[in-house]
Amino acid sequence: MATPRTSPEICGMGHSMKRKEDPRFIRGRGNYVDDVQLPGMLHMDIVRSPYAYAKIKSIDASRALKIPGVLAVITGETLAKYNLHWMPTLMSDTQMVLPTDTVMYQAQEVAAVIATDRYIAADGVEAVEVEYEPMTPVIDPYKALEPSAPVLRTDKKDKKDNRIFHWQAGDRAANDKAFEEAEVTVAQDMYLPRIHVASIETCGCVADFDRVTGKLTVYMTTQAPHAVRTVFALVAGHVGLSEEKIRIISPDIGGGFGGKVPVYPGYVIAVAASVVIGKPVKWVEDRMENLQADSFARDYHIHAELAAKRDGTMTGLRIKVLADHGYTDAAANPSKFPAGLFSICTGSYALKNAFAEVDGVYTNKPPGGIAYRCSFRVTEAVHCIERITDVLAQELKMDPAALRMKNFIPADKFPWKSALGWEYDSGNYPAALRKAMDIVGYEALRKEQAEKRARGELMGIGISSFTEIVGAGPSKQFDILGLKMFDSCEIRVHPTGKALARFGTKSQGQGHETTYAQIVAEELGIPASQVQVEEGDTDTAPYGLGTYASRSTPVAGAAGAMAARKIREKAKKLAAHLLECSPDDLIWEPGKFSVKGAPTRSKTIQEIALAAYTNHPQGMEAGLEAVSYYDPPNLTFPFGSYIAVVDIDRGTGAVKVRRFVAVDDCGNIINPTIVDGQIHGGLAMGLAPALLEEISYDESGNITGGSFMDYLVPTAMETPSWETDKTVTPCPHHPFGAKGVGESATVGAPPAIANAVVDALSHVGVRHVDIPITPEKVWRLLKEKGLSE
Amino acid sequence: MARHDIRLTVNGVEQRVNVESRLLLVHLLRENLRLTGTHIGCDTTHCGACTVLLDGEPVKSCTVLAVQADGAQITTVEGLEQNGKLHPVQEAFWEKHGLQCGYCTPGMILTGCALLARNKDPSEAEIREAISGNLCRCTGYLNIVKSIQSAAERLRQQ
C-alpha cells in the first residue's frame, strides 16, 4: 500500500479513517424512512393479486370503508381519473401503477388502503373484496416466444409478440470463422436464476403534499433522488406537480444494491394519496411484498460456446441469452444498452473474436432486470466467461489457473480494445492471480485434493479472474431516460476553513460521508473531520444520477476532486495576493501554499479561506466555492482474482466454503478499511446466489420463495472468514486513479464457488452445476455418480 | 379490540401504556415511545433487525406482543450508552468497521451484548452461532465477528 500523502490529522486518501456516519448508527440514531413521523400522517397498505394473470371483474371497497379509521381505498379507476394509472419504467417501458382491468403477475398492486394507523390499514386490505377471472399465465420464457403464445402486452397497440428487444455485439462472421477453424470447442448451457437484493430495510416513502405552498416533499428509499424528482415532474406535471415544487429526500438508506433505483407503484400511489387528501402518507412494504413484487435481478438463460487451440489459446466466444424480464422491462440500464454491459463477457482474456446476443422477453412474472449489487448485467457476463473457461480447462485437461494465465490480456497491452468494443483502461491480471495463488497455497491445495480424492473425500478449488466495467458513464453513450450519466459535487469552504461538500449521489451504507470527506481533504488539505458531506436532498444537493453500478467514486468522487481543484486554483490566487508574489511562484503541499525557495513564507488553506471572505483582492469575487459536473471520459475496469476452496459432504450434499481468497484491484484506494468492508459484503452477496438464493415460480406463476423462510440470505454460519488482499493498478483517466469497488466481489465470487464445486466433482465427469448449488442439487448429483454416502 | 394497561421498564425508565392486544413490542417501542433505533426488516422473525433485550435475553420484538412485555425490563440500542460513554460493544463496532448501512446494527450490537454477558471469551464459532439469527446484507459478517471479539477483550479488561 502506498504511503498516504497527507498527515493523519488531514486524513486524505489512503488513511483508514473511522467512519463519520457511525456515531449515529451505533446509537440507533440513524434516520430511515420508517423513522419519519409527521403530524397528521396517514398510513397506506396495498391489496395485491393472488394470481399471476387475471381479469379483474370487480373491486368492492365498501366493507373496508366501514372500518373506523379507513379513510380511502384507491384503485386503478381512481388514478385513471387523474391519468396517473400508468407510469414509465427507467427503460422507457411502461408499467401499471394500479390496474383498471387486468393483473399481470402475482403480488401486483391492485388497490391501496389509506388509514389513520398501520394496523387499521392492514385491516382494510383484508376487507377489500376483489373478484378475479384467472387466465393461463405465460411463465416459461421460451414458450413466451413461441408463435402460439398469447401476446401479454395488449396495452401496446402494435405489439404482436412477447419479445422486448434483441441486442447483439461483435462480428458474427469473423467469430463463426474462428469457430470453424478451432481445434477445440466447448459449449455449456447455464441459468442464472431470479434473485432479489433483499436489503434489510425494505422500500417505502412518506409523501407530504402541502396544499398551501403546493410543495411535495417525499422521503423515499431511493438511490437516485434527482432522477426520481425529474420523473415525477414529467409523469405528474399534468396534475400540477412542477419540478421546483418537488423535493425528494433520501434519508439514511438501509441497503440498496440496485433494488432502490426503480420507482415502484407504491411510491406513486402514496404521492397521489397525499396530493388528493392533503396529508402526509406513509407506505412501507413488508418483507414478503418486498421479495414478491419489487424488481428482480438476473433471470438469464445462457448458452455459451468457447473456441480454442489445442494449447489452450482462446480464439472465439459465442453467447446467446434469453432474458426473462417479467411483465415489464424494469431494468435501470443506460438507454442504449438494453442488455446492460453484458458485452464485458470477453472478461480478462485476449479474445480476438466474440459475438454475443440477448433477447428480452415478457412473461407473467414481476418486473425484472435490475441489478443485484452489480453494474448492469456484469455478473451475468462474468459468470458466463469464468464458467465456460473452466469447462474448456476440463476439456483440455489443463489446470484452470494455467489456462487463465495463458489467455490473460498482457499487462503491457493496456489500454486494451476488446472484441466487443470496450477500451479497458488498465490492468495486471497475471499479478492478481499469482498473488491469490500464493496466498491460498494453490500448489499445496492441489496436492491435498489429490490425496483426499484417493481417500474418497470431495474437495474443490475454484478460480475466478474477473474484469468489471463500472462507473457509468461517458455522456456520449450513457443516459437513463435521456438524463446523461455525469455526476456532481459542490464544495463551500467557510471563512473558518471548514467545508461543506454536497454530491449528486446517495450512500446506502458505502460510507460516502467519510470517503468523500477524505477526497476533499486530499485535494484541499482541510481535515476530513472538518468536511461535512451531504447528499440525498434534491433541494440542496447538485443534480446527479445517483449511486449504483459502482459509480460514486468513479464519477461523483471525481467531481469532488475537480471541484476541490477549482477551489485550489482560486486559493492559489488568494495566497499570491496575501504573500505578495506571483501565483507561479507558489507550490502546494497538502494544506498550504508556500513560496518557492522560501518555505517559511506560506499560507494555510484556513488562512486563505478567511481571506476569501475578509481580505480578497479587488476585482476578485469573494467566497471560496466551486461546483463540478464530471463527465467521465471512459468507464473504469476493476478486476481481481478469487480462489474458493470447498468441501462437499457426501452424506448431505452440503457445500462448505472452507476458504475464500480475494485479491482485488480497484485502482487507488481512498479508505482501505472501507474498501475491505465493501469487498467482504460483496463476497457474501456473491456466495448467496452461488449456494442459497433463488426466486422461482410454479406453472401457475405462484412464487415459491417469497419470504425469508424460503429465500435464504446468508448468515454468519455460511460465510467464511474472508481473506482479502490487493494489487493497485491506478485508473489512468480518473482524477485520482480510482476505479470503484462496491460490486467487484458480488460479480467475481459466484463463479469461483461454482468452479470449486465442479472441480470437486470433475473426476466423475461433472462439468457444470447451475447456481444456486443447493445441498439437494449436489446430493442428487452424488447419487447419480454413485458417490453419495 | 381489547386494550390493556401495561407497565414496563425501557432503558431504565418506567413506562405505563395502554395498548391494543395485537400491538407488537417493536411498534410500541418505535411508534409509541419513539425509540426508532429498533428496526423492522421482516415480519417473520428471520432478520433480527428488531432485536432488543427482554430481561437480559435477546428477543425479536416483531414477534413479541407488547402485552407479553408487561412487567419486563427492556433494553434497546438507545439504552446502551451510559453517562455519555458508549458501551464497549458500540465502541468496537465503530472501531472495527462492523457496520455499513447501519440498519441491522442495533440488533447485532444487542445480540453481541447478550452473548458477552453470558460468555466473556467466545470463540469465533460461538460468535457466529450467536449472531446467526441476525441478517446483515452489507458486511459479510467478518467485521461484525471481529467487533464482538474486540468488545470481549475490552470488557475483560474493564
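Higher on the page you've got the structure.
Residues numbered from 1 in each chain as written. Chains lettered and ligands numbered in written order. Predicted model: local features only at pLDDT ≥ 70, side-chain atom pairs only at ≥ 80, totals over all residues.

A. Region of interest: the sheet that holds strand β8 (residues 129-134) of chain A. All names here are of chain A. With antiparallel pairing, three strands are arranged side by side in an open sheet as β6-β2-β8. The open sheet has two free edges, formed respectively by β6 (102-103) and β8, since each of these has just one partner strand. Looking at chain direction, strand β2 (residues 54-60) and β8 are connected through six bridges and run antiparallel. Residue pairing for β8: D60 is matched across the bridge by E129. (Pairing = 2+ DSSP bridges. Helix = DSSP H or I, 4+ residues; strand = E, 2+ residues; numbered from the N terminus.)

B. How the structure looks around helix α15 (residues 552-579) of chain A. Taking 1.5 Å of rise per residue, 28 residues should cover 40 Å, and α15(A) covers 38 Å from first to last C-alpha, within 8% of that figure. One or two residues past the end of α15(A) sits E580(A), with phi positive at roughly 50°. (Expected span 1.5 Å × (residues − 1).)

C. Just the interface of chain A and chain B, in detail. Across the contact, 42 residues belong to chain A and 43 residues belong to chain B. Elements that contribute at least two residues to the side of chain A that touches chain B include exactly α1 (22-26) and α17 (672-691) of chain A. Broken down by element, the residue count for the side of chain A that touches chain B peaks at six residues, all from α17(A). Of the residues in the side of chain A that touches chain B, the class split is 15 nonpolar, 16 polar and eleven charged. (Contact = placed C-beta atoms within 7 Å. Nonpolar A, V, L, I, M, F, W, Y, C, P; charged D, E, K, R; others polar.)

D. View of helix α11 (residues 400-407) of chain A. Of all the residues in α11(A), the buried ones are P400(A), A401(A), L403(A), R404(A) and N407(A). What you see down the axis of α11(A) is that its buried residues fit within an arc of 160°, all on one side. (Buried ≥ 20, exposed ≤ 12 C-beta atoms within 10 Å, placed from the backbone. Arc of directions from axis to C-beta.)

E. Region of interest: the nonpolar core. Membership of the largest hydrophobic core comes to 323 residues, with the highest contact counts inside it found for V113(A), V520(A), I643(A), V646(A) and I753(A). Looking at which element gives the most residues to this core, the answer is α15(A), with twelve residues. (Core = buried A, V, L, I, M, F, W, Y, C linked by C-beta atoms within 7 Å.)

F. Highlighting the sheet that holds strand β24 (residues 487-493) of chain A. Residues and elements named next belong to chain A. With mixed pairing, the four strands of this open sheet are ordered in space as β26-β25-β24-β30. Edge positions in the open sheet fall to β26 (531-535) and β30 (625-630), since each of these has one partner strand only. The sheet shows a mean angle of 15° between the axes of neighbouring strands, taken without regard to direction. Strand direction decides the pairing type here: strand β25 (residues 499-503) and β26, joined by five bridges, are parallel. Looking across to β26, one finds that F503 is bridged to E535. On top of the sheet, α15 reaches β24, β25 and β30; it is set at about 35° to β24, its chief contact. (Axes fitted to C-alpha atoms, helices over the stretch in contact; angles between N-to-C directions.)

G. View of the environment of G56(B). Residue and element names in this part refer to chain B. The topology assignment puts G56 in the loop between β3 (51-54) and β4 (57-60). Along the primary structure G56 and P88 are separated by 32 residues, whereas in three dimensions their C-alpha atoms are 17 Å apart. Not counting residues up to four positions away in its chain, the partners in contact with G56 are A114 and A117.

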